[in-house]
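Observations on the three-dimensional arrangement
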Amino acid sequence: MNSKTLVLKISNGNFEDTISRAAHILKQGGTVAFPTETVYGLGADALNPAAVRRIFEAKGRPADNPLIVHIASMDSLDRIATDIPPIAFELMDAFWPGPLTLVLMRKSAVPDITTGGLDTVAVRMPDNPVALALIREAGTPLAAPSANTSGRPSPTTAEHVISDLSGRIDAVIDGGAVEVGVESTVLDVTSDVPVILRPGGVGLEDIKKHVGEVVIGYTDHAVGEGEVVRSPGMKYTHYSPKTKVVLVEGEGRAVAAKMSELVESYSEKNMRVGLLITDETAGYVCADEVYSLGKRDVPEDAARSLFAGLRYLDGEDVDVSVSIIIVDGSVKCCGVGVAVLNRLRKAANELIEV
Ligand code: TXA
Ligand code: MG
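Residues numbered from 1 in each chain as written. Chains lettered and ligands numbered in written order. Predicted model: local features only at pLDDT ≥ 70, side-chain atom pairs only at ≥ 80, totals over all residues. Heavy atoms only, no water.

Some points on the domain arrangement of the protein chain
By the assigned domains, the protein chain splits into domain 1 (6-216) and domain 2 (244-353). One C-alpha centre belongs to domain 1, the other to domain 2; they are set 29 Å apart. Taken together, the contact pairs 22 residues of domain 1 with 17 residues of domain 2. Interface area, domain 1 with domain 2, both sides summed: about 1500 Å², of which 53% is carbon and sulfur. Three residues stand out in domain 1 for area buried against domain 2, namely His160, Val182 and Pro199, and they jointly supply 33% of the buried area on that side. One salt bridge in this structure joins arginine 343 and glutamate 183, with 2.8 Å as the shortest N-O distance. Among the elements that make up the side of domain 1 that touches domain 2, the one with the highest residue count is helix α7 (residues 158-165) (three residues). Its residues placed into classes, the side of domain 1 that touches domain 2 shows six nonpolar, 10 polar and six charged. (Domains from an automatic or database assignment. Contact = heavy atoms within 4.5 Å. Buried area = accessible area lost by both parts, 1.4 Å probe. Salt bridge = Lys/Arg side-chain N within 4 Å of Asp/Glu carboxyl O. Helix = DSSP H or I, 4+ residues; strand = E, 2+ residues; numbered from the N terminus. Nonpolar A, V, L, I, M, F, W, Y, C, P; charged D, E, K, R; others polar.)

Description of the environment of valine 263
Residue placement: valine 263 occurs in helix α9 (residues 252-268). Distance in space between the C-alpha atoms of valine 263 and proline 126 is 40 Å, their sequence separation being 137 residues. Beyond its immediate sequence surroundings of up to four residues, valine 263 is in contact with Val273, Leu275, Val285, Cys286, Ala287 and Ile326.

With respect to the environment of lysine 242
You can see lysine 242 is positioned in the loop between β12 (215-216) and β13 (245-249). For lysine 242, a relative accessible area of 70% puts it in the exposed group. Once residues lying within four places of it in the same chain are set aside, the contact partners of lysine 242 are Arg152 and Asp314. (Buried < 20%, exposed > 50% of the residue type's maximum accessible area, 1.4 Å probe, protein only.)

Considerations on the packing of aromatic side chains
One pass over the full model with this rule turns up two aromatic pairs. Both rings, one in tyrosine 291 and one in tyrosine 312, keep their centres 5.5 Å apart while their planes meet at 45°; by these two values the pair is tilted. Note that tyrosine 291 is positioned in strand β15 (residues 289-292) and tyrosine 312 in helix α11 (residues 299-313), a separation of 21 residues in sequence. (Phe/Tyr/Trp six-rings, centres within 6.5 Å; stacked < 30°, edge-to-face > 60°.)

Printed below as a string of structure tokens:
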């Protein structure tokens, strides 16, 4: 299956034709990767079990890890979810289209394979013209996890998708680099007090303005054997390059001092060192390969660079070949910065707090 992946590049004047070709593949039960505002998603008809199975196969994704169902209009909500609480409608009003996923009670039209057998379904309306047009043209909600091989950093460009999934999916729409760079915030609104299952593109502070009380239901590490989780995705390792990642967290100057000490000691062992680093820290530390996270107090820039940086330093785009990646964790931990630090902690093999 899918011996060749069709690359459909959006350019002047071909938008409608591209969407209609991609939608045709989806209607036939195929898989198409497409840009959303957060990361690239790997889409298939959410209501067609055979199509959804292809997503799991292409990604090598564990079958109990449910998918987010993407819709383009409020009319579709009725087909997939039921018993929707008023707070959910308020949040949709405030944040849709946008990087907020709501976990709702599911309707039986959504097959088990899409929800990993759960009685809930995760739903979002993405804020990207390609994604919205594709869902509309396909005429069905699209199940779409991030379009990476399971466990790898999420894709923020079509090249990342191709690097992971070429030959394993039917097509990818190249709509350029995404805007947000980390995945959506996942909020479970099926209980009395909503639970944040994953920090993401919408900041906790903004959600709290609407819901008041929320429970933090995620961890910053891969959950161990035997721990109870509300979101199956928490059990699995995430965002990991092949190269070892060391994350240094703390106040700016202390992080810079620790990072330069680490660079020195690894270099003495003849290791080539790569840095994923804020502009401020970069004034104090240098190494063989450097990728910028932007300014410390602009977490939006770090969000956009994070996955591309991990992939670059892992030697994906060019032959970078470093034997260790040291990451600057002094990015401001508010808004989307909470998601940035969450992803960095999950990607790291070692966390040093200074
Ligand atoms: O920004 C995003 O959300 C991207 C783009 C493509 O939309 N998608 C994405 O999907 O990140 P994925 O599959 O990589 O992550 C979905 C997360 C997983 O952690 C999964 O366990 C959780 O959402 N999830 C999905 N359905 C759920 C449910 N019914 N209950 C609890 N957690 C759920
Ligand atoms: Mg993912």
